[in-house]
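Descriptive structure summary
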Amino acid sequence: MSMFVATRRMTGRVMAPNSSLSVMHGSRFFSASGKQVGFIGLGNMGSRMASNLLKNGHSLVVYDLNKEAVNKLTQQGAKSATSIAELAQQVDTVITMLPSSPHVKSTYTSSTGIFANGRPGALLIDSSTIDPNVAKEVAAEAKSKNFKMVDAPVSGGVGGAEAGTLTFMVGGDSEHFKMASEYLKFMGKNLVYCGGAGTGQIAKVCNNLLLGISMAGAAEAMGLGQKLGIDPKVLASIINTSSGRCWSTDTYNPCPGVMENVPSSRGYTGGFACDLMLKDMGLALSAAKATDGELKMGDEAYNLYKSMSEKGNGLKDFSGVFEHIWKSK
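As the structure is a computational prediction, the values presented were derived from the model and not from experiment.

**Focus: the packing of helix H9 (residues 199-228) against helix H12 (residues 274-290)**
A pair of packed helices can be characterised by two numbers: the angle between their axes and the separation between those axes. Where H9 meets H12, the axes come as close as 9 Å, and the angle between the chain directions of the two elements is 120°. Between H9 and H12, the crossing angle belongs to the class labelled oblique. Relative to H12, H9 is oriented so that their crossing is left-handed. Note on element contacts: H12 touches H9 through Met277, Asp280, Met281, Leu283 and Ala284, opposite Lys204, Val205, Asn208, Leu209, Leu211, Gly212 and Ile213. Its residues placed into classes, the contact of H9 with H12 shows eight nonpolar, two polar and two charged.

**Quick look at the environment of Thr93**
Structurally, Thr93 can be placed in strand S7 (residues 93-96). In this structure, the C-alpha to C-alpha distance between Thr93 and Tyr183, residues 90 residues apart in sequence, is 9.4 Å. In this structure, Thr93 is in contact with Gln36, Val37, Gly38, Leu123, Ile125 and Tyr183, ignoring residues within four places of it in sequence. Of the polar contacts made by the side chain of Thr93, one reaches the side chain of Tyr183; its length is 3.3 Å.

**Considering the packing of aromatic side chains**
Under the definition given, this model contains seven aromatic pairs. Geometrically, the ring pair formed by Tyr252 and Phe318 is stacked, given 5.9 Å between the ring centres and 25° between the ring planes. Here Tyr252 is found in the loop between helix H11 (247-250) and H12, whereas its partner Phe318 is found in the loop between helix H13 (296-313) and helix H14 (321-326), with 66 residues between them in sequence. As far as the burial class goes, Tyr252 and Phe318 line up, both buried. Summarising the aromatic geometry, the rings of Tyr305 and Phe318 are spaced 6.3 Å apart at their centres and angled 50° between planes, so their arrangement reads as tilted. Placement of Tyr305 in helix H13 and of Phe318 in the loop between H13 and H14 is noted, with a sequence separation of 13 residues between them. The same class applies to Tyr305 as to Phe318, namely buried. Taken together, the ring pairs connect Trp247, Tyr252, Phe272, Tyr305 and Phe318 into an aromatic cluster.

**What to know about the environment of Met97**
Along the chain, Met97 turns up in the loop between S7 and helix H4 (101-109). Judged by relative accessible area, which is 15%, Met97 ranks as buried. C-alpha of Met97 to C-alpha of Ile40: the two residues are 57 residues apart in sequence and 6.3 Å apart in space. Excluding residues within four positions of it along the chain, Met97 makes contact with Phe39, Ile40, Gly41, Met45, Gly46, Met49, Ser127, Ser128 and Val154.

Criteria and cut-off values
- Residues numbered from 1 in each chain as written.
- Predicted model: local features only at pLDDT ≥ 70, side-chain atom pairs only at ≥ 80, totals over all residues.
- Heavy atoms only, no water.
- Axes fitted to C-alpha atoms, helices over the stretch in contact; angles between N-to-C directions.
- Helix = DSSP H or I, 4+ residues; strand = E, 2+ residues; numbered from the N terminus.
- Parallel < 35°, antiparallel > 145°, perpendicular 65-115°, else oblique.
- Left-handed = near helix turned anticlockwise from the far one by under 90°.
- Contact = heavy atoms within 4.5 Å.
- Nonpolar A, V, L, I, M, F, W, Y, C, P; charged D, E, K, R; others polar.
- Polar contact = N/O pair within 3.5 Å; in protein donor to acceptor, adjacent residues only side chain to side chain.
- Phe/Tyr/Trp six-rings, centres within 6.5 Å; stacked < 30°, edge-to-face > 60°.
- Buried < 20%, exposed > 50% of the residue type's maximum accessible area, 1.4 Å probe, protein only.

Below, the structure is given as structure tokens:
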């Protein structure tokens with residue numbers, strides 16, 4: 001699998017694979033200026049991603065079942081559509097940020113969806129996190145109907161979406177990646193070309209499998225240290241300058257009182273819901289089963305988040321696994 005990383009700098013440069021040629025905004029390859037963009041899915045992530053496109057001068061048409069979310073974007077200058085079909089008919093580029101595989105399939109393949117109503121040749125960017133096989137199926141249908149499509153799931157959380165510093169893992173044709181980069185660079189800092197259709201989703205599923213495991217490990221370690229009598233802030237500072245350091249300890253610590261402006265500092269509200277982590281880890285477990293693989297640590301972590309959700313905490317941030325593990329101890 002070929003891979004290259006395009007890191008957004010002040011110049012907005014994107015490096016092409018196996019080449020010294022850079023693709024820039026307004027280049028001979030593709031220019032996004034003056035293009036009207038459709039954005040479907042305005043949840044915690046999508047709303048912030050769409051807002052960054054508006055801030056960078058793009059004309060947006062938005063759609064979501066949540067009218068309040070739509071209104072927030074129209075107040076920033078976006079236009080609204082009353083249906084997916086109406087949106088698809090108006091734009092040359094569509095970005096989707098949806099909860100699950102069934103939502104993506106319906107949005108793209110139904111009679112009221114994008115394929116049936118979109119402009120031929122339109123660029124389609126799906127930033128949802130879904131089953132890699134579903135991504136491949138939808139991409140194949142897109143190609144058969146003369147659409148240009150990439151899967152482009154993200155990492156970086158709500159904070160990254162707000163700041164425009166997300167990492168995009170992109171699968172699809174390399175030329176379509178170049179086109180999509182002209183929009184993604186305004187929502188993310190790192191644009192990673194992973195290979196053919198579905199490879200962006202493969203990267204995302206593997207990343208979130210590891211994230212779920214590492215967060216559970218961080219929660220156990222931080223809670224153990226606290227129980228044994230060390231100041232959690234001291235413990236975190238040691239871990240973060242030692243071999244145990246990871247994103248779950250140095251950027252998103254699950255122990256209350258260690259860091260400000262993270263979910264653990266506000267009762268595990270906001271951020272990335274436990275139920276969403278549960279969904280993503282379920283995708284990884286399903287993928288492993290399909291390849292006759294076994295994810296022992298992944299399975300243990302999945303059951304931990306499942307228990308947390310079943311106790312009514314599915315909407316809390318997944319770092320609330322700290323509270324779930326230690327509250328009853």
